[in-house]
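Residue strings, one per chain:
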Amino acid sequence: MGCHFCSHCSDQIHDLTIPASPVPALIGTNEIPTTSQAESIERFLADVDNDIEKAEIQIRQTQITLERLTKKRDDLKAIASDHRALFTPVRRLFPEILSEIFSWCPKGRPQEYHSIGIPESFHPDQGPLLLTKICRAWRKTAIADPKLWTTIRFVIRERQHHLSHIHGLPHLIQLWLERSGGCNLTIGILDDDQQYYNPSESSRVFREPVNQESLRLLSDHAHRWENVFCSLPYNNPVWQSLAEVTDRLSQTLVHLTIHVSSGNLSETEIFGPDPILRGCNRLSSLTLDAATATSKLSLASDRITHFHYSLNYAYPVVGPNIKECLDAMRNLSNLKHCVLHTVPRAPTNLPHDQVVTDTLEHLEVVPHSIMFTDSSMYGLGPFWAALHMPRLKHLELSSLTPRVWDHEPFIACLSRCPELKSLSIKWMTIEAQHLIEVVRQAQGVTNLFLSSDNVTELVEAMLEMPVVPNLREVVVSPLRDGYLNRLSEVDFRRFGEFVKARMVLDTSLEYAHLGRAENRDVSRSLSGQYSKLDGPLDIVVVSQPTSVTYIREDRLHGHNLLESAPLG
């Protein structure tokens, strides 16, 4: 057995060899060794045991050496990484550019509190706090940028079981208020109705010192509140506290969201937010849920240009009916942008006069079906029959559950929208022929999005679709992922024929897409360049100055150039 020394650490390393057996003929047999063979075997085993002990000693020495070398390697990697970081491009960014990048980061952990999407601003691993933990330069830039600290989400909850947070919440709020400088604020004041549904219990929790102190700190800066999101019981004492600072809110508050988390309002009670709304002269954007009708509010309705009517998620879930939606549009006479989540019910007590909205430019309507109701039996016919929107430019309908399609009232409503430019219809049970008739009526549209649960029928019907003179973009998509398998080779061929017949020199069609709606923005950015779409079969058609390019997208095989044909 020879030995040598490691050239790096001078540890002795032995060359261990396997000795030959003194009785090879007996190995693997049932023969009994003789006396002399037994003595030879005992001496052999003593030598082997000695070699095993030496091998174990060498293994331990080698392990120590390996650990030492591993640590040395890791230390070298760390110091190399530290020095390579000196060449990273981000070090060369001016603080102003870094601050601009930070401005696109979320203001906290995303939260969907009912339909109030205000982030959890104090989360340590998302939002501005995360940016302060990367390095000294990032921390300095983040703290110096007041725009990063303008969102504060305050949830009114019991905090006895969060002892480490009792004194921390007011401190965090104060920190955000200081770092936001003089910037206007986005404030969320939310009832923790995941824990209780009793309004009196909510009032008791609000009176806890930590919650009182937190609201006091926020109220001291009410003159900076620009966007306010409230989800509270009808008569929660928070409303009274906010009413006391209405004079400071009046010059800054632009958007207000009111969701009722629990409770009922008697005929003699004053609705909590009402005093706030009376004095807000700049308020132009309002979001309500079904528990609040615009008729209950004393607001300067002529100032509201953006309105969102949503479901109320307090049990049981309810939504505004057609009459309440029409009343809201009538009361808010200067609307430009309107989103309505409605639950159609039996058409009773509907107004017979038309609702004329001379200023409305953008309308989204989302009918819902509520469990244990017959709302899916009713369509939007009375709604369309009442509306007159002469300046409407964008109309979007979305029904993801089976629902009646009131065709004639909708066609008549379109005839009263001469300036309509963008039309989006996602409707599960609509007939393809009805969609074609809709397009025939909407001859002024430039952007068209159609989605149904039978795309094959729709694409076939599109071959008979009339030419829309100013159409620039058309997108056809299956309504749900479960229907994507219905897209076949025939569907793509027919869609290609439809587009090719219209994408000629004397028409304006520039872009067409058959496939998943999620791929629309990705494929639009192709501009004639081929790029893999993350989805099932799609076809993208891009018009270029002198040619038309058809790109077939396949999840398995990537892009496939079908045709590049010259125009004219």
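About the criteria used
- Here, residues in each chain are numbered from 1, in the same order as that chain's written sequence.
- Reporting of local features is limited, given that this is a predicted model, to residues whose pLDDT is at least 70; pairs of side-chain atoms are given and counted only at 80 or more, and all residues count toward the totals for whole chains, interfaces and linings.
- Side-chain numbers come from the whole structure's heavy atoms, not from hydrogens or water.
- Only buried Ala, Val, Leu, Ile, Met, Phe, Trp, Tyr and Cys residues count toward a nonpolar core, and they belong to the same one when joined by side-chain atoms within 4.5 Å.
- Three exposure classes are used, based on accessible area relative to the maximum for each residue type with a 1.4 Å probe and protein chains only: buried under 20%, partly exposed in between, and exposed over 50%.
- A run of H or I in DSSP counts as a helix once it spans at least four residues, and a run of E counts as a strand once it spans at least two, with each numbered from the N terminus.
- Residues are treated as being in contact if the distance between any of their heavy atoms lies within 4.5 Å.
- Any pair of Phe, Tyr and Trp rings, taking the six-membered ring for Trp, is counted once the centres come within 6.5 Å. Such a pair is stacked with planes under 30 degrees apart, edge-to-face with planes over 60 apart, and tilted for the rest.
- We call a charge positioned above a ring when the Lys NZ or Arg CZ atom is no farther than 6 Å from the ring centre and deviates by at most 35 degrees from the ring normal.
- Salt bridges are defined by distance alone: a side-chain nitrogen of Lys or Arg within 4 Å of a carboxyl oxygen of Asp or Glu.
- The quantity known as pLDDT measures the predictor's confidence residue by residue, on a range of 0 to 100.

Give me the lowdown on the nonpolar core, citing residues and values where you can.
In terms of nonpolar packing, the biggest core is built from 108 residues, with Ile-189, Leu-363, Phe-383 and Trp-384 touching the most fellow members. A per-element tally of this core places helix 6 (residues 168-179) first, with 6 residues. Contact partners of Phe-383, with chain neighbours within four places excluded, come to Ile-322, Cys-325, Leu-326, Met-329, Leu-340 and Val-365.

Give me the lowdown on the packing of aromatic side chains, citing residues and values where you can.
On inspection of all chains with the given rule, the structure shows 9 aromatic pairs. Relative to Trp-176, the ring of Phe-122 has its centre 4.8 Å away and its plane inclined at 85°; by these criteria the two rings are edge-to-face. Of this pair, Phe-122 sits in the loop between helix 2 (95-102) and helix 3 (128-131) while Trp-176 sits in helix 6, and the two are 54 residues apart along the sequence. Note on accessibility: Phe-122 and Trp-176 belong to one class, buried. A connected cluster of aromatic rings, assembled from ring pairs, spans Phe-383, Trp-384, Trp-405, Phe-410 and Trp-427. The ring of Trp-149 has Arg-179 sitting right over it, with the charged end atom 4.7 Å from the ring centre.

Would you mind going over the pattern of salt bridges in detail, with residue names and values included?
If you walk through the whole model with that rule in mind, you get 12 salt bridges. Of the charged contacts, one joins Arg-73 and Asp-74 as a salt bridge, the two residues approaching to 3.0 Å between their closest N and O atoms. Classification of Asp-74 by relative accessible area gives partly exposed; the value is 36%. Across the pair Lys-323 and Asp-327 runs a salt bridge whose closest N-O atoms are separated by 3.0 Å. Linking Lys-323 with Asp-327, this pair stays in helix 12 (residues 322-331), spanning 4 residues, or about one helical turn. One salt-bridge network, held together by shared partners, links Glu-213, Arg-216 and Asp-220.

Kindly report on the environment of Ile-118, identifying the contributing residues and their values.
Structurally, the position occupied by Ile-118 is in the loop between helix 2 and helix 3. On the basis of relative accessible area, Ile-118 is assigned to the buried category, the value being 3%. Through-space distance from the C-alpha of Ile-118 to that of Ile-187 is 8.5 Å; in sequence the pair is 69 residues apart. Setting aside anything within four residues of it in sequence, one finds Ile-118 in contact with Gln-111, Thr-151, Ile-152, Arg-153, Thr-186, Ile-187, Gly-188, Leu-190 and Phe-229.

Report on the confidence of the model for the protein chain, specifying residues and quantitative values.
Across the protein chain, the average pLDDT comes to 78, with 75% of residues at or above 70. Ranking the helices and strands of the protein chain by mean pLDDT puts strand 11 (residues 362-367) first, with 94, and strand 20 (residues 558-566) last, with 40. In this model, residues 161-166 is a region of pLDDT below 50 whose contacts with residues beyond four sequence positions or in other chains number 4 contacts. When the criterion is pLDDT under 50, residues 519-538 qualifies, and its contacts beyond four places in sequence or with other chains add up to 59 contacts.

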